[in-house]
Number of protein chains: 2
Amino acid sequence: MTITLPALDQSRDLVQPLLRSAVARLDPTSRKVAAYHFGWCDENGRQTNASGGKAIRSALALLGAAAVCGDRQTAVPAAVAVELVHNFSLIHDDLMDRDTERRHRATVWALWGDGLAVLAGDALLSLAYEVLFETGSPRAGRVGQLLAEAVRELIRGQVADLEFESRARVGAAECESMAIGKTAALLRASSCIGAVFVGAAPRTTDALAEYGHQVGIAFQLVDDLLGLWGEPAVTGKPVFSDLVQHKKTLPITWAIENGGAPGRELAAWLTRDQQAVSQDELAYAAGLVEQAGGRDWAAREADRRIELALAALDKVPMAPDCRDEYVRLARFIVERTA
Amino acid sequence: MTITLPALDQSRDLVQPLLRSAVARLDPTSRKVAAYHFGWCDENGRQTNASGGKAIRSALALLGAAAVCGDRQTAVPAAVAVELVHNFSLIHDDLMDRDTERRHRATVWALWGDGLAVLAGDALLSLAYEVLFETGSPRAGRVGQLLAEAVRELIRGQVADLEFESRARVGAAECESMAIGKTAALLRASSCIGAVFVGAAPRTTDALAEYGHQVGIAFQLVDDLLGLWGEPAVTGKPVFSDLVQHKKTLPITWAIENGGAPGRELAAWLTRDQQAVSQDELAYAAGLVEQAGGRDWAAREADRRIELALAALDKVPMAPDCRDEYVRLARFIVERTA
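Throughout what follows, the structure given in this document is the object of discussion. Keep in mind that what you see is a predicted model, and the values were worked out from it rather than measured. (Residues numbered from 1 in each chain as written. Chains lettered and ligands numbered in written order. Predicted model: local features only at pLDDT ≥ 70, side-chain atom pairs only at ≥ 80, totals over all residues.)

Description of the overall build of chain A
Then, number 1: The number of helices and strands found in chain A is 16 helices and two strands.
Then, number 2: Its C-alpha radius of gyration of 20 Å places chain A within 12% of the 20 Å reference for a compact globule of 338 residues.
Then, number 3: Taking the principal axes of the C-alpha coordinates as reference, chain A spans close to 60 × 50 × 35 Å.
Then, number 4: Looking at chain A as a whole, 53% of its 338 residues qualify as buried.
Then, number 5: A separation of at least 24 residues holds for 73% of the contacts in chain A among residues at least 6 apart in sequence. (Helix = DSSP H or I, 4+ residues; strand = E, 2+ residues; numbered from the N terminus. Rg over C-alpha atoms; globule rule 2.2 N^0.38 Å. Buried ≥ 20, exposed ≤ 12 C-beta atoms within 10 Å, placed from the backbone. Contact = placed C-beta atoms within 7 Å.)

Thoughts on the nonpolar core
Then, number 1: Among the nonpolar cores identified, the biggest contains 228 residues, and Leu 147 of chain A together with Leu 147 of chain B are the most heavily contacted of them.
Then, number 2: Discounting chain neighbours no more than four positions away, the residues touching Leu 147 of chain A are Ala 81, Val 82, Val 85, Ala 128, Ala 189 and Ile 193 of chain A. (Core = buried A, V, L, I, M, F, W, Y, C linked by C-beta atoms within 7 Å.)

What about the interface of chain A and chain B?
Then, number 1: Listed by partner, the interface residues are 32 residues for chain A and 32 residues for chain B.
Then, number 2: Counting only elements with at least two residues in the side of chain A that touches chain B, the list comes to helix 2 (28–37), helix 4 (76–97), helix 6 (114–135) and helix 7 (140–165) of chain A.
Then, number 3: It is helix 7 of chain A that provides the largest number of residues to the side of chain A that touches chain B, a total of twelve residues.
Then, number 4: Looking at the side of chain A that touches chain B, its residues break down into 15 nonpolar, ten polar and seven charged. (Nonpolar A, V, L, I, M, F, W, Y, C, P; charged D, E, K, R; others polar.)

Some words on unusual backbone geometry
Residues and elements named next belong to chain A.
Then, number 1: One non-glycine residue, Phe 240, lies in the positive phi region at around 55°.
Then, number 2: Following the sequence through the fold, Phe 240 ends up in the loop between helix 10 (232–235) and helix 11 (241–244).
Then, number 3: Overall, Phe 240 belongs to the buried group, with 22 C-beta atoms counted inside 10 Å.
Then, number 4: For His 246, which is not glycine, the phi torsion reads 55° and is therefore positive.
Then, number 5: Residue position: His 246 is located in the loop between helix 11 and helix 12 (250–258).
Then, number 6: With 17 C-beta atoms counted inside 10 Å, the residue His 246 sits in the partly exposed group.

Side note on the relation of the copies chain A and chain B
Then, number 1: Once chain A has been moved 0.0 Å along the axis and rotated by 180°, it coincides with chain B to within an RMSD of 0.0 Å. What the rotation and shift describe, once combined, is the action of a two-fold rotation axis.
Then, number 2: An overlap of 100% is found between the interface residues of chain A and their copies at the interface of chain B, pointing to a shared contact surface. (Least-squares fit on C-alpha atoms with pLDDT ≥ 70 in both.)

So, the environment of Ile 193 of chain A
All names here are of chain A.
Then, number 1: The residue Ile 193 is located in helix 8 (residues 172–197) in this model.
Then, number 2: The class for Ile 193 is buried, based on 35 C-beta atoms found within 10 Å.
Then, number 3: Sequence-wise, Ile 193 and Ala 209 are 16 residues apart; in three dimensions their C-alpha atoms are separated by 8.5 Å.
Then, number 4: Among all residues touching Ile 193, those that are not within four sequence positions of it are Ala 61, Gly 64, Ala 78, Val 82, Val 143, Leu 146 and Leu 147.

Some remarks on the packing of helix 3 (residues 56–69) of chain B against helix 4 (residues 76–97) of chain B
Residues and elements named next belong to chain B.
Then, number 1: Orientation of helix 3 relative to helix 4, taken along the N-to-C sense of each, is 160°, at an axis distance of 8 Å. Viewed along their axes, helix 3 and helix 4 adopt a mutual orientation that is roughly antiparallel. With respect to the hand of their crossing, helix 3 and helix 4 are arranged in right-handed fashion. Seen from helix 3, the contacting residues are Arg 57, Ser 58, Ala 61 and Leu 62; seen from helix 4, they are Ala 78, Ala 79, Val 80, Val 82, Glu 83 and His 86.
Then, number 2: Of the residues belonging to the contact of helix 3 with helix 4, the class tally is six nonpolar, two polar and two charged. (Axes fitted to C-alpha atoms, helices over the stretch in contact; angles between N-to-C directions. Parallel < 35°, antiparallel > 145°, perpendicular 65-115°, else oblique. Left-handed = near helix turned anticlockwise from the far one by under 90°.)

Digging into helix 2 of chain A
Then, number 1: Taken across its ten residues, helix 2 of chain A has seven buried, putting it largely inside the fold.
Then, number 2: If you check which residues of helix 2 of chain A are buried, you get Ser 30, Lys 32, Val 33, Ala 34, Ala 35, Tyr 36 and His 37 of chain A.
Then, number 3: For helix 2 of chain A, the elements touching its buried residues are helix 1 (6–23), helix 4, helix 5 (108–112) and helix 6 of chain A together with helix 7 (140–165) of chain B.
Then, number 4: Following helix 2 of chain A by one or two positions, Gly 39 of chain A has its phi on the positive side, about 85°.

Some words on helix 15 (residues 294–313) of chain B
Residue and element names in this part refer to chain B.
Then, number 1: When the terminal C-alpha atoms of helix 15 are compared, their 29 Å separation across 20 residues agrees well with the 28 Å that a helix rising 1.5 Å per residue should span.
Then, number 2: Gly 294, Arg 295, Ala 298, Ala 302, Arg 305, Ile 306, Ala 309 and Ala 312 are the residues of helix 15 that are buried. Projected down its long axis, helix 15 shows its buried positions confined to an angular sector of 120°, all on one face. Exposed residues on helix 15 whose side chains face more than 90 degrees from its buried face are Asp 296 and Arg 300.
Then, number 3: Here the buried face of helix 15 lies against helix 9 (202–229), helix 12 (250–258), helix 14 (279–291) and helix 16 (320–335). (Expected span 1.5 Å × (residues − 1). Arc of directions from axis to C-beta.)

Here it is as structure tokens:
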């Protein structure tokens, strides 16, 4: 069962009108591809109500504004911008990773080919900045800089991820650095841009950025756990999917470095020929990660990161219901099953 | 022999420091890929002095500022932004079109694969906007909007170009609309953003935009002529290259629609099997374009567009040496051989 969070639905409702009007400006083909990706229509353009993702990033942006001034609506352009950046990166990452499914639906490149996937991603990235420029707000520049920095980090993380594929061994520290780029950077930006956009002081926006950073690392740890032990019917991925692809994830690289004999056996297993691995072999390798302590470590480390995230919030005076929302959002991230 | 234009070298010198410092912020891999693409190093990162392209777009942006206030330096961020956007589109277009050479060197995807080509292009697109946000100028927002509109047009043009590949017949009007997106839109933006950035009135920036639009269509017409009759040693492309690829270009679509019997024969030739076409057959098809009047029409139409471009300038009072530079730039575009 997927945990739902009312705040996510509310922020999706706030963000939708501007998000849809931005996408509506694209040429008909890119518009259809983007609308499909967001879950607004099927591949033939017929209206649907598919999942457009959890929208955690835009919810964080709006929550940052709510924490500072009580008003979410003002920060909608910043929230739309980060949602566009996130979805640009999903479309391009799916293409690069040759993932054929996302949110239980065919990915853009799998349906329309590489060319339209490249272009639809490009279109969403550029739209993100266009939405900010259009606000005419003097603070849009700072939000744009924060997003552009996050995009550079996203790209650094994805470059590292691609490079890891061709390497036999990846250290735990390198893997963490990759995750900070690929996942934490945009959550960090999401968490502070709403507050920046409504004019919060640096002390506040820095603390919110730290919340996003820590929550981002926790998010990746949970993702990596789900990539090994997630329920296929919920995640939409095959069982032990990260092991099928020989991915070097946080629990795996940690287990190899710190897991004694089972860790060494796991390292040896990962260098073996990747052709036609049986379910028994995958279960054996997942067992090695567990025996080496990788599963426990990742779960504990995710909890520790969530504590650090909540500690960062102590520097930001805010209404109790806002604080409560931050706590529930953090809990949602570690307890989610997809 | 390639025509050179001193103004292009001067503007390259003005733009280089900010362009290089922007690229220097990328992760080491994306930085190397981008530096290679710009001609600053070879594929191993060793410094070289290869051609980084004609830099017409940044020259136009600086010239727009010079025409309005006599100062090019102020508009450097706008010029750098448009140069980054242009090179993002080249890297992604080469990937989508599977072109293996640009400026007599291997293309990015051909050297490093699809993943790094997607990411390097993404990085340059995002950097373009980052450079604008960083200026802190209240006019950066308007420049950003103009560039983002041009990017949407670029994407519309490239979507159409991809779609044309799978179609037997493309009308001359559709082909012109594609060229307006793919080529004219960014030249149009280039031509006005420098003036916008230094605070020119709409009457002036509209006239400069019109110059860029017309010059852009002329640019594509000349490109299409070079794609048929360009000197392979100069263009770096095989003889009759557009016919080898069965591209639907401006002179070809015009010849089919307006060229009587040779035009109809050309249309029939283009629907034939594309496997192993001999040089004689290519020369025959190019001859059909010529007999159908496509070559003459494209040359005359390019001249007409240049006249319209220069007429637009009449609305902008400027120093004679600036006007002279616009005239030489327009002439360079129609007389170039690569």
